[in-house]
Amino acid sequence: MSGTSAEGKLAALQSYFQQTSEKCHDLHCNLQKAKRECANLEDIKSDLQTKVVDQDKCILELKHELAKLQIAKQSLEIEKGELIKSLHIKEEQFAELRRQLGSKDKLIHQQKNQFDDAVKNLSLANKAKASLTTRLADQDRKIALLEQSRSQKIPMREELQVVHDALHSLRSGFRRNDPQHHTIDTLEQSFSLLMDRLHMADIQKISNSHHQDTKRLNFDSTGDPRRLPLTSYHGYALQKMDNTDIGTKVVYFTEKTVTPFMSSIPKRLGEIVLRDFKTMFDRPGNYRFHFKSVDPEYGMVKEEIMQDDDVLPGWDGKIIAWVEEDHG
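This report concerns the structure included in the present document.

Ranked by internal contacts, the top residues of the largest apolar core, which has 17 residues, are Y252, F277, F289, F291 and L312. Elements represented by at least two residues in this core include exactly β1 (248-254), β2 (261-265), α5 (274-281), β3 (287-295) and β5 (319-325). A total of four residues in this core trace back to one element, the largest contributor, which is α5. Residues in contact with F277, not counting those within four places in the same chain, are V250, Y252, I265, F289, F291, L312, A321 and V323.

If you want it as structure tokens, here you go:
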């Protein structure tokens, strides 16, 4: 019984060993197969790792390129902004140039109108020049006649000066408050008026001989010699050549007389100062001097002049004055 059981156990062990060998063989086959699969997986892994490295390199390169593109994009954005600003500036400059062009067109139009007016004025000036040339020839002829009249008036002025000196000498022989001063003033005024009338009579003779030419030179063609232009007045040329021959008329009032006195100062109106008037007045004592003038606010006034170098105001081509004794 024990022998039979041992053989059974051996057979069982052999059967188990055989089964185990088969299993080992199967396991060995499976191991080989697994090794082959692992080798294949390792190859695949190596390939995949290589591809991953390549892809990482590509991704890195793409990142670099992306960074460059972003920088380039930012640069383009900045450049775009600058171009937009430059475009706005150019548009403003263009608008300003258009405005300037419009202004230039207006200016050119105005200058063209001014040029046309200047051409018209030049044409009128040429006509006036021809007329003035004719008038100048006539004035030269009048000046020659006035020269003759002046040469005739010199002896009269010498005689008047002699009378004036004699009256001045006579005046110095009276007291300051003597009423005979009024008589001497009247004589002096009468002599001055007489000589002026004689001179005006001579001038009137010359003026009558050229009455028609003088009338064409009037501002209003009235024939009144007082309305003549200054340059066409027959005494202007003589006054311009010799101020001491005609001068400016002076009419002055005093407290002692109602009738005004008249004299002349051998200077043009506008050049006469208070010192000239005092020299002409030539009276002893202290006086205050008022002159007829025009104020922009109050109209006609009596202006007091105190400084010797102050220019005396004129009225209608002459000087009108009031002389008062200064009792202060």
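In this section: the pairing of β1. With respect to burial, β1 is a largely interior element, five of its seven residues being buried. Bridging between β1 and β5 involves five bridges; their strand directions are parallel. Residue pairing for β5: V251 is matched across the bridge by I320.

For the rest of this paragraph, the subject is the side chain of D276. With respect to the helices and strands, the residue D276 is situated in helix α5. For D276, a relative accessible area of 16% gives the class buried. Contact partners of D276, with chain neighbours within four places excluded, come to I265, K267 and E271.

Conventions adopted
- Residues numbered from 1 in each chain as written.
- Predicted model: local features only at pLDDT ≥ 70, side-chain atom pairs only at ≥ 80, totals over all residues.
- Heavy atoms only, no water.
- Core = buried A, V, L, I, M, F, W, Y, C linked by side-chain atoms within 4.5 Å.
- Buried < 20%, exposed > 50% of the residue type's maximum accessible area, 1.4 Å probe, protein only.
- Helix = DSSP H or I, 4+ residues; strand = E, 2+ residues; numbered from the N terminus.
- Contact = heavy atoms within 4.5 Å.
- Pairing = 2+ DSSP bridges.

Remember, this is a structural readout, not a statement about activity or role.
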